[in-house]
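The residues making up each chain are set out below.
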Amino acid sequence: MKVTEYGKYFVSLTFKTSHLIIFGGLFMTNKRTLKKSIKLICEELFAECVAVSLYSGKGHRDDAEALLFSIIKMQADFTSRISHPEPGMPAKAYFHDLREKFSAHATEIIDQINNL
């Protein structure tokens, strides 16, 4: 298991068992820290996908390219969602939901990387 600290968030990435767990403090420090955390997690996923596609020996180039595109799209989508929260929704609930959705999406991508 690989545990990395990004700002105030501790990320546990286990690619074999497909777990992605993001632990934050009781309060979100700021949007910048959350954006950095998302960027670094997406970078890790991107690098892992490239490594698996290069060293797997199987010819799934199209699948790997589509997966890399989805990682880039996920990073852009969640970063923009941090900057523009939904009006009328409490901030704490919005960012909690955002972290849950990001974790679920990243876990799905990890499963796809494992299947390459």
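Owing to the predicted nature of the structure, the values given are computational and were not obtained by experimental measurement.

Procedures and definitions
- Residues numbered from 1 in each chain as written.
- Predicted model: local features only at pLDDT ≥ 70, side-chain atom pairs only at ≥ 80, totals over all residues.
- Heavy atoms only, no water.
- Salt bridge = Lys/Arg side-chain N within 4 Å of Asp/Glu carboxyl O.
- Helix = DSSP H or I, 4+ residues; strand = E, 2+ residues; numbered from the N terminus.
- Buried < 20%, exposed > 50% of the residue type's maximum accessible area, 1.4 Å probe, protein only.
- Axes fitted to C-alpha atoms, helices over the stretch in contact; angles between N-to-C directions.
- Parallel < 35°, antiparallel > 145°, perpendicular 65-115°, else oblique.
- Contact = heavy atoms within 4.5 Å.
- Nonpolar A, V, L, I, M, F, W, Y, C, P; charged D, E, K, R; others polar.

## Describing the pattern of salt bridges
Side chains that carry opposite charge are capable of pairing whenever their charged atoms lie near each other.
Piece 1. Tallied over the full model, the rule gives two salt bridges.
Piece 2. The salt bridge partner of Lys39 is Glu43, with a shortest N-O separation of 3.4 Å. Of this pair, Lys39 and Glu43 both sit in helix H1 (residues 31-55), four residues apart, roughly one helical turn.
Piece 3. The class for Lys39 is partly exposed, based on a relative accessible area of 42%.

## Observations concerning the packing of H1 against helix H3 (residues 91-114)
Between two packed helices, what matters for the description is the angle formed by their axes and the separation of those axes.
Piece 1. The interhelical angle for the contact between H1 and H3, taken along N-to-C directions, is 5°, at an axis separation of 11 Å. Taken together, H1 and H3 sit at an angle that is classed as roughly parallel. For the pair H1 and H3, the contacting residues are Lys31, Leu34, Ile38, Ile41, Cys42, Leu45, Glu48, Cys49 and Val52 in the first and Phe95, Leu98, Arg99, Phe102, Ala106, Ile109, Ile110 and Ile113 in the second.
Piece 2. Grouping the amino acids of the contact of H1 with H3 by side-chain chemistry returns 14 nonpolar, no polar and three charged.

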